[in-house]
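# Structure assessment
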Amino acid sequence: MSPQKRSIRLWAGAVTAALALSLTGAGQASAADVNNAKNAGFESGLSNWTCSANSGTTVTSPVRTGTTALKATPAGQDNARCTQTVAVKPNSTYALSAWVQGGYSYLGVTGTGTTDVSTWTPDSASWKQLTTSFTTGASTTSVTVYTHGWYGQPAYYADDLSVYGPDGGGGTDPAPTIPGAPAGLSVSGTTSSSVSLAWNTVAGATGYHVYLDGTKVTAVTGTSATVTGLAASTSYSFQVTATNSAGESVKSAAVTGRTTATPVGPALPKHAVTGYWQNFNNGATVQKLADVQAQYDIIAVAFADATSTPGAVTFNLDSAGLGGYTVDQFKADVKAKQAAGKKVIVSVGGERGTVAVNDSASATNFANSVYSLMQTYGFDGVDIDLENGLNATYMTQALRSLSSKAGSSLVITMAPQTIDMQSTSNSYFQTALNIKDILTVVNMQYYNSGSMLGCDGKVYSQGSVDFLTALACIQLEGGLAPSQVGLGLPASTRGAGSGYVSPSVVNNALDCLARGTNCGSFKPSRTYPDLRGAMTWSTNWDAAAGNAWSNAVGPHVHGLP
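Every value quoted in this text rests on a predicted model; they were computed, and no experiment measured them.

Helix and strand counts for the protein chain stand at 8 helices and 31 strands. Against the compact-globule benchmark of 24 Å for 561 residues, the protein chain has a radius of gyration of 26 Å, which places it among compact chains. With respect to the principal axes defined by its C-alpha atoms, the protein chain has extents near 85 × 55 × 45 Å. Split into buried and exposed, the 561 residues of the protein chain put 53% on the buried side.

Structural data, given as structure tokens:
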């Protein structure tokens, strides 16, 4: 966040994408119609499929149904085209559709003898269905169906292909059987009003039903679910079944989940200001935690340190660099700030942060170690400021595990760079959406950045109201609640390598988003009066500049509607 602590990471977050293909009838279906595709769910590897330039493989995650799916990765001049020759009847109509997720994904058919068709979609963060249909010519007995991505785009995934229509005589996949009961059901997180569950994939299942005390409460296609609307401090019994077109399995073994107590203590204000407190001396004003300006509602202690255990972090107070500040004084100051209604959290990452959470073991280590720091120092939560890569799957697991330990009062903030929030397919954005029910705020860094796209598709350069509002719009319209979006700016010209704007520009951007006033050339299509507020790096650089940032932006944030 400072020149000493931040670097620009100009890579797009790894896209975890999934493409799946299925078919529904076009027009009136016949009772004799079948899915003429073979190995439609890629359960037999790439049997019956051919992928260009060895671009395809099968993976166990992500999948839409069953246990495996196709992963095809474009590279260079290859668009990762995967094909299958399908037997069809002449003069017949077939329905073609696709479930897609991830980067640019195409579905089509050639050799129809009439008009070849195709359809496509840009990147998608969740399963999306593509549909089209085609008619065969008078002498057509086979067609080639295909999927492909696009040059320079991330890998796509495919599952459940279907060419639905009259039986072409080439054979079909076996009819589904009722799946087995899900195994591995466990409680992955709790709040005062919800319980999150996870379980193992069941072969052949297309969906799952979740039961609460014997009553079905929700149906999902994935292997996790969150049951909401529960009473605090109450135990509930949960079971899950697997389903497909053949029927529903028997119920799984039951697990018990207990909601946490209703949170106590002062809640965050509707509009909040976040400030990073430096646990080091880099030329900015050295502060004890007690010295942090009163305008800051969330104080992020920068930074936790990595350990030799993958995913685990610790905190080492820089007593020498902070003029002899002791651990006992620090702990007392944390309590004093909390008594004044502030939240104090520990930030993980920064430019030199080397914390890697990229598998289940490191996710567990991360959650356990952060929770230990919360117990030791009294922190209210954690800030995710990883600038050297983030795995959405395992960071989600880690934060949900932490939430299950800390309860609903846990504060989770994130400070991605601008490149991390350009698309919902980016891993930072995915993580934010994955934990939306427990996320406090995303304070994206609108500095140390190149030019970026706004939600209107136009390119904006840092240092203007438009840069702040048009990029914030991506988050506001991309799935985050307005209360989960904040504007992150440096407190002074010395607080960042580039991108500093005066407090008046910050306030104008806040007004534009919350009230629809003081906008630049970009004006959002609607207002967001619940916008959370603003963030700065750092309280120390703010103090070095005479508290100009917090004195101007703080009251403005707290005065938003």
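Looking now at the pattern of salt bridges. Opposite charge on two side chains makes pairing possible when the charged atoms of those side chains draw close. Summed over all chains, the structure comprises 6 salt bridges. For D160, the salt bridge is made with R64, and the minimal N-O distance between the two is 3.2 Å. With D160 in the loop between β11 (156–158) and β12 (163–165) and R64 in the loop between β3 (56–59) and β4 (69–72), the pair connects residues that are 96 residues apart, well separated along the chain. Side by side, D160 and R64 carry an identical accessibility label, which is buried. Here D530 and K270 are joined by a salt bridge, their closest N and O atoms 3.2 Å apart. Placement of the pair is D530 in the loop between α6 (503–515) and β31 (533–537) and K270 in the loop between β20 (255–258) and β21 (272–278), with a sequence separation of 260 residues.

The class for D160 is buried, based on a relative accessible area of 14%. A distance of 3.2 Å separates a polar atom in the side chain of D160 from a polar atom in the side chain of R64.

With the rule as written, the count across this model stands at 3 disulfides. Disulfide partner of C512: C519, at an S-S distance of 2.0 Å. The sign of the 100 degrees torsion about the S-S bond sets the C512-C519 disulfide as right-handed. Along the protein chain, the cysteines engaged in disulfide bonds are linked according to the scheme 1-2, 3-4, 5-6 when indexed in sequence order.

Time to look at the packing of aromatic side chains. Aromatic ring pairs: the centre-centre distance and the angle between the two ring planes describe each pair. This structure, assessed with the given rule, holds 22 aromatic pairs. Ring centres of F315 and F379 lie 5.9 Å apart, and the angle between their planes is 90 degrees; this geometry places the pair in the edge-to-face category. Pair noted here: F315 is in the loop between β23 (313–314) and α1 (327–339) and F379 is in the loop between α2 (360–377) and β25 (381–386), with a separation of 64 residues, a long-range link. Linked through ring pairs, W277, F315, Y325, F330, Y377 and F379 together constitute an aromatic cluster. Positioned above the aromatic ring of W99, the side-chain terminus of R64 is 4.0 Å from the ring centre.

Look at α6: 17 Å from first C-alpha to last across 13 residues, which is about the 18 Å you get at 1.5 Å a residue. Those residues of α6 that fall on the buried side of the exposure criterion are P503, V505, V506, N507, A509, L510, D511, C512, L513 and A514. In this fold, the buried residues of α6 make contact with α5 (465–477), β30 (485–490), β31 and α8 (548–558). At the exit of α6 stands G516, carrying a positive phi of roughly 80 degrees.

For the rest of this paragraph, the subject is the packing of helix α3 (residues 392–406) against helix α4 (residues 427–434). For any two helices packed against each other, one specifies the inter-axial angle together with the distance between the axes. One can describe the packing of α3 onto α4 by two numbers: an axis separation of 9 Å at closest approach and a directional angle of 35 degrees. Considering the relative orientation of α3 and α4, their crossing is right-handed. Every residue of α4 that contacts α3 at A392, M395, T396, L399 and R400 is listed here: S427, Q430, T431 and N434. Per-class residue counts for the contact of α3 with α4 are 3 nonpolar, 5 polar and 1 charged.

Another aspect to go through is the side chain of N540. Its location among the elements puts N540 in helix α7 (residues 539–544). Excluding anything up to four places from it in sequence, N540 contacts Y276, W277, Q278, A284, T285, V286 and Q287.

Turning our attention to α3. Spanning 15 residues, α3 covers 21 Å between terminal C-alpha atoms, matching the ideal 21 Å at 1.5 Å per step. Three or more residues of α3 are buried, namely A392, M395, T396, A398, L399, R400, L402 and S403. Among the structural elements, β13 (186–190), β14 (195–198), α2, β25, β26 (411–414) and α4 are those in contact with the buried residues of α3. Its side-chain oxygen at 3.0 Å from the backbone nitrogen of T393, N391 defines the N-terminal cap of α3. G407, located one to two residues past α3, shows a positive phi value of around 90 degrees.

So, about the sheet that holds strand β17 (residues 224–227). An order of β13-β14-β17 is seen for the 3 strands of this open sheet, with the pairing classed as antiparallel. In this open sheet, the two strands that pair with only one neighbour each are β13 and β17. Ignoring strand direction, the axes of neighbouring strands in this sheet form an average angle of 25 degrees. Against the sheet, α3 engages β13 and β14, with an angle of about 75 degrees to β13.

With 7 of 10 residues buried, strand β18 (residues 235–244) lies mostly within the body of the structure. Sheet topology note: the strand β15 (residues 207–212)/β18 ladder contains 6 bridges and is antiparallel. Following the sheet pairing, V210 is matched in β18 by V240. With 4 bridges joining them, β18 and β20 adopt antiparallel strand pairing. Residue pairing in the sheet places S237 in a bridge with T256 of β20. Direction of pairing for β18 relative to strand β19 (residues 247–248): antiparallel, over a ladder of 2 bridges. Among the inter-strand pairings, T243 is bridged to a residue of β19, identified as E248. The turn joining β18 and β19, which pair antiparallel and follow one another in sequence, is formed by 2 residues.

What follows is about the nonpolar core. In this structure, W277, L289, F330, F366, F379, V382 and I384 are the most contacted members of the largest nonpolar core, which totals 97 residues. Looking at which element gives the most residues to this core, the answer is α5, with 9 residues. With residues near it in sequence (within four places) discarded, L289 still touches W277, I299, V301, Y325, F330, D333, V334, K337 and V344. In terms of nonpolar packing, the next biggest core, distinct from the first, is built from 26 residues, A37, L70, A72 and V109 among them.

Of note, the bond from S61 into P62 is cis; its omega dihedral lies within 30 degrees of zero at 0 degrees. As for its placement among the helices and strands, P62 is situated in the loop between β3 and β4. In this model, W537 is joined to S538 through a cis peptide bond whose omega is 0 degrees. Of note, S538 is situated in the loop between β31 and α7. Unlike most non-glycine residues, D213 shows phi in positive territory, near 50 degrees. Mapped onto the elements, D213 comes out in the loop between β15 and β16 (215–220).

Thresholds applied
- Residues numbered from 1 in each chain as written.
- Predicted model: local features only at pLDDT ≥ 70, side-chain atom pairs only at ≥ 80, totals over all residues.
- Heavy atoms only, no water.
- Helix = DSSP H or I, 4+ residues; strand = E, 2+ residues; numbered from the N terminus.
- Rg over C-alpha atoms; globule rule 2.2 N^0.38 Å.
- Buried < 20%, exposed > 50% of the residue type's maximum accessible area, 1.4 Å probe, protein only.
- Salt bridge = Lys/Arg side-chain N within 4 Å of Asp/Glu carboxyl O.
- Polar contact = N/O pair within 3.5 Å; in protein donor to acceptor, adjacent residues only side chain to side chain.
- Disulfide = S-S within 2.5 Å.
- Phe/Tyr/Trp six-rings, centres within 6.5 Å; stacked < 30°, edge-to-face > 60°.
- Lys NZ or Arg CZ within 6 Å of the ring centre and 35° of its normal.
- Expected span 1.5 Å × (residues − 1).
- Contact = heavy atoms within 4.5 Å.
- Axes fitted to C-alpha atoms, helices over the stretch in contact; angles between N-to-C directions.
- Left-handed = near helix turned anticlockwise from the far one by under 90°.
- Nonpolar A, V, L, I, M, F, W, Y, C, P; charged D, E, K, R; others polar.
- Pairing = 2+ DSSP bridges.
- Core = buried A, V, L, I, M, F, W, Y, C linked by side-chain atoms within 4.5 Å.

The quantities given are spatial measurements derived from coordinates; they are silent on function.
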